[in-house]
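# Examination of the molecular architecture
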Amino acid sequence: MAGAGDVAFKVLTGGLGVATIYLTGVCAVNLFRGFSWHTSQPVCLLPSFLTSTIGFHRFRTPTLFFFEVL
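The rules we used
Residues numbered from 1 in each chain as written. Predicted model: local features only at pLDDT ≥ 70, side-chain atom pairs only at ≥ 80, totals over all residues. Heavy atoms only, no water. Helix = DSSP H or I, 4+ residues; strand = E, 2+ residues; numbered from the N terminus. Buried < 20%, exposed > 50% of the residue type's maximum accessible area, 1.4 Å probe, protein only. Areas by Shrake-Rupley, 256 points an atom, 1.4 Å probe, with all protein chains shown as cover. Patch = residues over 30% accessible without salt bridge, like charges linked within 9 Å, V, L, I, M, F, W, Y side chains within 5 Å. Salt bridge = Lys/Arg side-chain N within 4 Å of Asp/Glu carboxyl O. pLDDT = per-residue confidence, 0-100. Contact = heavy atoms within 4.5 Å.

With that out of the way, let us pick up the overall build of the protein chain. From N to C terminus, the protein chain includes 2 helices and 2 strands. Reading the protein chain from its N end, one meets helices and strands in the order α-α-β-β. Evaluated residue by residue, the protein chain yields a buried proportion of 4% over its 70 residues. Of the roughly 6,100 Å² of accessible surface on the protein chain, a fraction of 73% belongs to carbon and sulfur atoms.

Encoded structure:
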């Protein structure tokens, strides 16, 4: 017969395993959604040397385009 410590350890490690599998799946879904969102964004019209020099990055909201100074 297993002791209470053995049972508690098995329950703890089983719970950690389930949590690891769940978080791995959530991370994969979030990465997929993030990459999909990123690729659907419009291309910045400023030349790359300007965006790196002055720090302007264009991002899209549902209705407007903005320039944000970082």
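What follows covers a nonpolar patch on the surface. Together, Tyr22, Leu23 and Val26 make up a nonpolar patch on the protein surface, roughly 310 Å² of accessible area in all. Within the fold, Leu23 resides in helix α1 (residues 4-40).

Another point: the confidence of the model for the protein chain. A residue-level look at the protein chain finds 60% of positions with pLDDT of 70 or above and a mean pLDDT of 76. Mean pLDDT values over the elements of the protein chain span from 49, in strand β2 (residues 65-69), up to 94, in α1. In this model residues 60-65 is a low-confidence stretch, pLDDT under 50, and it forms 7 contacts with partners more than four residues away in sequence or in other chains.

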